[in-house]
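One letter stands for each residue in the lines below.
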Amino acid sequence: MRQFFLVSISILVLPLVVRPAVASEIWIFAIFGLGLNLLLGYTGLLSFGQGTFFGSAAYVAGWLLKHYGINVFLALGAGIGVGAFSALVVGYLCVQRSGLYFIMLTFALNQLFYFVAYQWTSVTGGEDGMPGIPRPAFLGIDFADPLNYYAFVSAIFLLFLLLMKRIVESPLGKILVAIRENEVRAGAVGFHVPRFKLLAFVIGGAFSGVAGVLYAMLFGIVPLESISFVTSGNVVFATLIGGSGSLYGPIIGSVVFIWLSESMSNVWARWPLLLGVAFVIVVLFFRGGVVEAWERLFSKRKISPSRSAR
């Protein structure tokens, strides 16, 4: 509960530190990271195809918002459905393989979706993206106001954080961890491993779909990059830097990644070098990311007084 309290405080403080649009993007990216973390951190599946679900949901919901004027909750429902369905299709093909072949399949299928979006200019706008995505008001609340939209995004984020917490603490979460630790043993005790991997894919796709819809409404456009390999790679980096396998790791990673991209990009064009350095440090010294670094620091502080007392 302490971590959840800190997240709640961060939601209140963040728009005072950065622009509401940047603050909204952080929590949107955190939802995206939570979906990937279920695959990477809890199931042990490295996917470079999360942009497929993120972008597909953004395009479909953006089209419905732009041409049919649906409300924001119907748009989110459409995003969940598209994200989950595309993850079902991609996941069904990918879980048939493991290791490097699994990773390359997620990448290849992501590229397939990317080039479909690139060529289907009449719907997606091609390389120009799909502009003109509105933020329709709901029950008198004007989501065109940045602070109102930030409050909406924050509420959705907290809801999905609680949902993911329930998932990872449930028997399903324990089974996914068992698959990550020893897939053969999990299968030997009776669990249908491909089925549980596919379920993790679908849940992660639903989270990615919600993030994609919120992202489209935030900027009023669905850029082609939203379905690209770069987007998939960014969420992987953010999750690893924050700490995969920890519920709050993707949240920390999202804060670090978005903050760096927004604050440093205006100062230094080669800011991704900083991200690369952070990633190298994580790989070499802190496999659990910022979460592990913090836990080590906290445990040392806890031990130090007892040693000095001796």
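Look up a bit, the structure's there.
Nothing here was measured: the structure is a model prediction, and the numbers come from that model. (Residues numbered from 1 in each chain as written. Predicted model: local features only at pLDDT ≥ 70, side-chain atom pairs only at ≥ 80, totals over all residues. Heavy atoms only, no water.)

## Quick word on the overall build of the protein
And then number 1: Helix and strand counts for the protein stand at 14 helices and 2 strands.
And then number 2: Over its C-alpha atoms the protein spans a radius of gyration of 20 Å, differing by no more than 12% from the 19 Å that the globule rule assigns to 310 residues.
And then number 3: With respect to the principal axes defined by its C-alpha atoms, the protein has extents near 70 × 50 × 40 Å.
And then number 4: Split into buried and exposed, the 310 residues of the protein put 47% on the buried side.
And then number 5: Put simply, of all contacts in the protein between residues at least 6 apart along the chain, 78% involve residues at least 24 apart.
And then number 6: When the accessible area of the protein is evaluated, it comes to approximately 15300 Å², of which 68% is carbon and sulfur surface.
And then number 7: Charge separation in the protein, taken as the distance between the mean sites of 20 positive and 12 negative side-chain charges, equals 15 Å. (Helix = DSSP H or I, 4+ residues; strand = E, 2+ residues; numbered from the N terminus. Rg over C-alpha atoms; globule rule 2.2 N^0.38 Å. Buried < 20%, exposed > 50% of the residue type's maximum accessible area, 1.4 Å probe, protein only. Contact = heavy atoms within 4.5 Å. Areas by Shrake-Rupley, 256 points an atom, 1.4 Å probe, with all protein chains shown as cover. Lys, Arg positive; Asp, Glu negative; His and termini not counted. Charge placed at Lys NZ, Arg CZ, Asp CG, Glu CD.)

## Let's talk about the packing of helix α1 (residues 2-17) against helix α2 (residues 20-43)
And then number 1: For the pair α1 and α2, interaxial distance at closest approach is 8 Å and the crossing angle is 145°. Contact residues: S10, I11, L14 and P15 in α1; A23, I26 and W27 in α2.
And then number 2: Grouping the amino acids of the contact of α1 with α2 by side-chain chemistry returns 6 nonpolar, 1 polar and no charged. (Axes fitted to C-alpha atoms, helices over the stretch in contact; angles between N-to-C directions. Nonpolar A, V, L, I, M, F, W, Y, C, P; charged D, E, K, R; others polar.)

## A closer look at the pattern of salt bridges
And then number 1: Applying the stated rule across the entire model yields 4 salt bridges.
And then number 2: Measuring nitrogen to oxygen at the nearest pair gives 3.0 Å for the salt bridge that ties E169 to K165. With a gap of 4 residues between them, E169 and K165 both fall in helix α7 (residues 146-169), about one helical turn apart.
And then number 3: K165 gets classed as partly exposed once you look at its relative accessible area, which sits at 22%. (Salt bridge = Lys/Arg side-chain N within 4 Å of Asp/Glu carboxyl O.)

## Some points on the nonpolar core
And then number 1: One finds W27, L38, F157, L161, F201 and L214 to be the most contacted residues of the largest nonpolar core, which totals 87 residues.
And then number 2: Per-element accounting of this core gives the leading share, 15 residues, to α2.
And then number 3: Discounting residues that sit within four places of it in the chain, F201 has contacts with L39, S47, Q50, F53, A87, V90, G91, C94, V95, F102 and T106. (Core = buried A, V, L, I, M, F, W, Y, C linked by side-chain atoms within 4.5 Å.)

## Details of the packing of helix α4 (residues 72-94) against helix α5 (residues 99-119)
And then number 1: Following both chains from N to C, one finds α4 and α5 inclined at 145°, their axes separated by 9 Å at the closest point. Where α4 crosses over α5, the two elements pack in a sense that is right-handed. Residues V90, L93 and C94 of α4 form the contact with α5, whose own contacting residues are F102, L105, T106, L109 and F113. (Left-handed = near helix turned anticlockwise from the far one by under 90°.)

## Focus: the side chain of S24
And then number 1: Tracing the chain through its elements places S24 in helix α2.
And then number 2: Residue S24 is classed as buried on the basis of its relative accessible area, which comes to 1%.
And then number 3: Excluding residues that lie within four positions of it along the chain, S24 makes contacts with Y149, Y150, V153 and L218.

## Structural notes on the layout of surface pockets
And then number 1: What the second largest pocket holds in volume is close to 330 Å³.
And then number 2: Lining the second largest pocket are 16 residues, and of these E25, F29, Y215, T231 and N234 sit closest to its centre.
And then number 3: Contributing elements (two or more residues each) for the lining of the second largest pocket: α2, α10 (193-219), α11 (229-242) and α12 (249-263).
And then number 4: In terms of residue count, the dominant contributor to the lining of the second largest pocket is α2 (4 residues).
And then number 5: Here the residues of the lining of the second largest pocket sort into 10 nonpolar, 4 polar and 2 charged. (1 Å grid on protein atoms, 1.4 Å probe; cavity = no way out; pocket = protein on both sides within 12 Å on 5 of 7 lines; lining within 4 Å. Points joined across faces, edges and corners; volume = space filled by probe spheres on them.)

## Some points on the packing of aromatic side chains
And then number 1: Under the defined criterion, the tally for this structure stands at 17 aromatic pairs.
And then number 2: Their ring planes at 85° and their centres at 5.9 Å tell us that F191 and F196 sit as a pair that is edge-to-face.
And then number 3: Here the aromatic residues F29, F32, F54, Y215, F219 and F257 are joined through ring pairs into a cluster of three or more.
And then number 4: Seen from the ring of Y149, R135 lies directly overhead, with NZ or CZ sitting 4.5 Å from the centre. (Phe/Tyr/Trp six-rings, centres within 6.5 Å; stacked < 30°, edge-to-face > 60°. Lys NZ or Arg CZ within 6 Å of the ring centre and 35° of its normal.)

## Some details on α10
Residues lying three or four places apart along an α-helix face the same way, a consequence of the helix completing one turn every 3.6 residues.
And then number 1: Between the first and last C-alpha of α10 there are 39 Å, a value that for 27 residues agrees with the 39 Å anticipated at 1.5 Å per step.
And then number 2: Most of α10 is tucked away: 21 of the 27 residues are buried.
And then number 3: Residue G220 follows α10 closely and has a positive phi angle near 75°. (Expected span 1.5 Å × (residues − 1).)

## Structural notes on the environment of L274
And then number 1: Tracing the backbone through its elements, the reader meets L274 in helix α13 (residues 272-285).
And then number 2: On the accessibility criterion, L274 (32% relative accessible area) is partly exposed.
And then number 3: Sequence spacing of L274 and M264 is 10 residues, and the spatial spacing of their C-alpha atoms is 9.3 Å.

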